[in-house]
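# Analysis of the macromolecular model
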Amino acid sequence: MSQENVAIVRAIFETGATTSKEEILKALPEAIPALFHPDAEWIEAPERVDSTSYRGHDGIRDSFERWLEQWDDYRFEAERFEDHGDRVLVVARESGEGHGSGASTKATIFAVFTFRQGKVSRYSEFYDEAAARAALT
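Heads up: these notes are all about the structure in this document. (Residues numbered from 1 in each chain as written. Predicted model: local features only at pLDDT ≥ 70, side-chain atom pairs only at ≥ 80, totals over all residues. Heavy atoms only, no water.)

### What to know about the side chain of E44
Using the following cut-off: The way it works is that DSSP assigns letters per residue, a run of H or I at least four long becomes a helix, a run of E at least two long becomes a strand, and they are numbered from the N terminus. Whether a residue is buried, partly exposed or exposed follows from its accessible area with a 1.4 Å probe, protein chains only, as a fraction of its type maximum: under 20%, in between, or over 50%, in that order. A 3.5 Å cut-off defines polar contacts: any pair of N or O atoms within that distance qualifies, except that in protein one atom must be a possible hydrogen donor and the other a possible acceptor, and neighbouring residues in sequence count only when both atoms are side-chain atoms. Contacts were defined at the residue level, with two residues in contact if any of their heavy atoms lie within 4.5 Å.
Assignment of secondary structure puts E44 in the loop between β1 (36–43) and β2 (53–55). The buried category is assigned to E44, whose relative accessible area is 2%. From its side chain, E44 meets the backbone nitrogen of T52 in a polar contact 2.9 Å long. A polar contact is formed between the side chain of E44 and the side chain of R66, at a distance of 2.7 Å. In contact with E44, not counting residues within four places along its chain, are D50, S51, T52, Y54, S63, R66 and E125.

### Regarding helix α2 (residues 21–35)
As a reminder, the rule being used: Values of bend correspond, residue by residue, to the angle between axes fitted over the seven residues ending at that residue and the seven starting there.
Along α2, the largest kink reaches about 60 degrees and is centred on L28; proline P29 follows within four residues of it. Within α2, the full set of buried residues consists of K21, I24, L28 and I32. Those residues of α2 that are buried are in contact with α1 (2–17), β1, α3 (56–68) and β3 (71–84).

### Quick notes on the sheet that holds β1
Where we set the bar: Strands are labelled as partners when DSSP assigns at least two bridges between them. In this description, a line fitted to the C-alpha atoms serves as the axis of each element, helices being fitted only across the stretch in contact, and the angle between N-to-C directions of two axes falls anywhere from 0 to 180 degrees.
In space, the six strands of this open sheet follow the order β2-β1-β6-β5-β4-β3, with mixed pairing throughout. Strands with a single pairing partner mark the edges of an open sheet, and in this sheet they are β2 and β3. The sheet shows a mean angle of 20 degrees between the axes of neighbouring strands, taken without regard to direction. Of the pairings in the sheet, the one linking β1 to strand β6 (residues 119–126) comprises four bridges and is parallel in character. Bridge pairing in β6 places E41 opposite R122. Packing against the sheet, α2 makes contact with β1, β3 and β6, and its axis sits at approximately 125 degrees to β1. Helix-sheet contacts for α3 involve β1, β2, β3 and β4 (87–98), and the interaxial angle to β1 is about 40 degrees.

Structure (structure tokens):
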């Protein structure tokens, strides 16, 4: 099952990397239930000033919408996928241009996807690799 989990996460990142912000937002109502367990947790990076945790499909959609509305342009590209059984660690580069401000940013993000019954049951993001690796245990 773990290789299937990696394939799911890889597809999420590959699709997101080639899809516009508007297309992502339009796809969320259908994509989230297909990929995420109904009571999934979505935990934003604790390093973020606006860090919040969400639960369920509506919460995950709220997180996506809130995050994407901050950007005129936002991109992410996975650099590496690591199989950890029921968890997948993704190392990715994100970049964006702030909505209104035009300020540019680039960062490396570490995301841990936890699976249950073939769907993501928890998403946790970090800007610190050691913290992400600690979440794998």
